[in-house]
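Spelled out, the chains give:
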Amino acid sequence: HSDIFGPKGTNKFWTNWLVASGEDMAIFPMPYALKWRELNVGSSELTVSHGPPILAYGTEADTGPDRVRYYLTPFISEIALGAVEEFVMGDYAVVKEGIFGVHVETRGPAGTGRK
């Protein structure tokens, strides 16, 4: 899922989308979460979530009661971006990456050259 040659950075918010087993997982460009969702055969959409984070505070025994030990954001699809044109989940590629983000290009049906 990448048109960029060379080593790929790990621990980036978008790396789930580079591997086939992660294409249906969410990525977290905070404060949002993005996820591909398959609607039916030949149709997919990009869903956006902006739910409130759930904070779990530590205890005296670990991080301390005033510090956040971890947080999570449940994925609640609030907005969806799609198109009438055929788009199969997984027909996208990372075409540019940087320190703070990534450019993802969706692809049309095979053989059409549509982007």
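Check the entry above for the structure.
If you're wondering where the values come from, they're calculated on a predicted model, not measured in any experiment.

Membership of the largest hydrophobic core is limited to 10 residues, which are Trp14, Trp17, Leu18, Ile27, Leu34, Trp36, Leu46, Val48, Tyr92 and Val94. For this core, the secondary-structure elements that each account for two or more residues are strand 1 (33-40), strand 2 (43-49) and strand 6 (92-97).

This paragraph deals with a nonpolar patch on the surface. There is a patch of nonpolar side chains on the surface, built from Phe28, Met30, Leu55, Tyr57, Val68 and Tyr71 and spanning about 580 Å² of accessible area. Secondary-structure elements contributing two or more residues to the nonpolar patch are strand 3 (54-57) and strand 4 (68-72). Mapped onto the elements of the fold, leucine 55 is located in strand 3.

So, on to the sheet that holds strand 1. Pairing is antiparallel across the open sheet formed by three strands, whose spatial order is 1-2-5. Looking along the sheet, the strands with just one partner apiece sit at the ends: strand 1 and strand 5 (79-82). The mean angle between the axes of side-by-side strands here comes to 30 degrees, regardless of whether they run parallel or antiparallel. With seven bridges connecting them, strand 1 and strand 2 associate as antiparallel partners. Among the inter-strand pairings, lysine 35 is bridged to a residue of strand 2, identified as threonine 47.

Procedures and definitions
Residues numbered from 1 in each chain as written. Predicted model: local features only at pLDDT ≥ 70, side-chain atom pairs only at ≥ 80, totals over all residues. Heavy atoms only, no water. Core = buried A, V, L, I, M, F, W, Y, C linked by side-chain atoms within 4.5 Å. Buried < 20%, exposed > 50% of the residue type's maximum accessible area, 1.4 Å probe, protein only. Helix = DSSP H or I, 4+ residues; strand = E, 2+ residues; numbered from the N terminus. Patch = residues over 30% accessible without salt bridge, like charges linked within 9 Å, V, L, I, M, F, W, Y side chains within 5 Å. Areas by Shrake-Rupley, 256 points an atom, 1.4 Å probe, with all protein chains shown as cover. Salt bridge = Lys/Arg side-chain N within 4 Å of Asp/Glu carboxyl O. Pairing = 2+ DSSP bridges. Axes fitted to C-alpha atoms, helices over the stretch in contact; angles between N-to-C directions.

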